[in-house]
Amino acid sequence: MKALRALPDGIQAVLAMEPRIRELALKYSGYRTFMFTGRGINSPIALAGALKLKEISYLHGEGSSGGELKHGPIALLDKDFPVVAICTNSATREKMISNVHEMAARDAPVLALVTEGDNSADAVAADTLVMPPADEFTGALLNTVALQLFAYHVAVALGTDVDQPRNLAKSVTVE
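Everything numeric in this text was worked out from a predicted model, so none of it was measured. (Residues numbered from 1 in each chain as written. Predicted model: local features only at pLDDT ≥ 70, side-chain atom pairs only at ≥ 80, totals over all residues. Heavy atoms only, no water.)

**Some thoughts on the packing of helix H1 (residues 2-16) against helix H2 (residues 18-28)**
Next, step 1: Where H1 contacts H2, the two axes come as close as 5 Å, and the packing angle between them is 50 degrees. Our classification of the angle between H1 and H2 gives oblique. Two secondary-structure elements touch here, H1 through Val14, Leu15 and Ala16 and H2 through Glu18, Pro19 and Ile21. (Axes fitted to C-alpha atoms, helices over the stretch in contact; angles between N-to-C directions. Helix = DSSP H or I, 4+ residues; strand = E, 2+ residues; numbered from the N terminus. Parallel < 35°, antiparallel > 145°, perpendicular 65-115°, else oblique. Contact = heavy atoms within 4.5 Å.)

Here's what the structure looks like:
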């Protein structure tokens, strides 16, 4: 309950990070394909981040579980295939940091989401986005907001109409 009560303040803290998120989005908007990865509860958050990027920027976004990287997705990585890696506070954070080392070894530019006070990705990630402290589960919600803002600012940088994405319809209107 304490973590849930702190969630609105955490979301406000992420929204206050918008200038940094915009800066990163501008830097990465020149790429044409991305991988988003996370483990545990952050695995579906990575999938959602990739989907949001596709929906509004029309760039390719591949979502993958960090535990599945060595089963194929890692073969895609090189200097032109950046990775957004969710490395925030979780039971699998150390394994995600290990994944970041593997991705960086393949010259992939890595944007790592890390929890405030955690410097373990600094030496290998091209960039970090420092997230507010939160437990694993409410942190996943904060990560979602950050990835949505990232996708939004990439799309704006590319000049797409984020209010009217092409070829999308609400599922309730087309079923």
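**A few points about the packing of aromatic side chains**
Next, step 1: Across all of its chains, the model carries 5 aromatic pairs by this definition.
Next, step 2: Where Tyr28 meets Phe150, the ring centres are 6.4 Å apart and the plane angle is 65 degrees; that geometry is what we call edge-to-face. With Tyr28 in helix H2 and Phe150 in helix H5 (residues 136-158), the pair connects residues that are 122 residues apart, well separated along the chain.
Next, step 3: Residue class for Tyr28 comes out buried when judged on its relative accessible area of 2%.
Next, step 4: Residue classification places Phe150 among the buried residues on the basis of a relative accessible area of 3%.
Next, step 5: Considering the side-chain rings of Phe34 and Phe150, the 6.3 Å spacing of their centres and the 80 degrees angle between planes classify their relative orientation as edge-to-face. Of this pair, Phe34 sits in strand E1 (residues 33-38) while Phe150 sits in helix H5; the two residues are 116 residues apart in sequence, bridging distant segments of the chain.
Next, step 6: Counting every residue linked through ring pairs, the aromatic cluster contains Tyr28, Tyr31, Phe34, Phe36 and Phe150.
Next, step 7: Looking at Arg166, its charged tip hangs above the ring of Tyr58, at a distance of 3.7 Å from the centre. (Phe/Tyr/Trp six-rings, centres within 6.5 Å; stacked < 30°, edge-to-face > 60°. Buried < 20%, exposed > 50% of the residue type's maximum accessible area, 1.4 Å probe, protein only. Lys NZ or Arg CZ within 6 Å of the ring centre and 35° of its normal.)

**Concerning the nonpolar core**
The tendency in soluble globular proteins is for nonpolar side chains to be buried side by side.
Next, step 1: Formed by 31 residues in total, the largest nonpolar core has its most connected members in Phe36, Leu129, Met131 and Phe150.
Next, step 2: Put simply, the parts of the chain that give this core at least two residues each are H1, H2, E1, helix H3 (42-57), strand E3 (83-86), strand E4 (110-115), strand E5 (127-131) and H5.
Next, step 3: The biggest single contributor to this core is H5, with 10 residues.
Next, step 4: When sequence neighbours within four positions are dropped, the list of residues in contact with Phe150 reads Ile21, Leu24, Ala25, Tyr28, Phe34, Phe36, Val84 and Leu111.
Next, step 5: Met35, Cys87, Met103 and Ala112 belong to the second largest nonpolar core, which has 18 residues in total. (Core = buried A, V, L, I, M, F, W, Y, C linked by side-chain atoms within 4.5 Å.)

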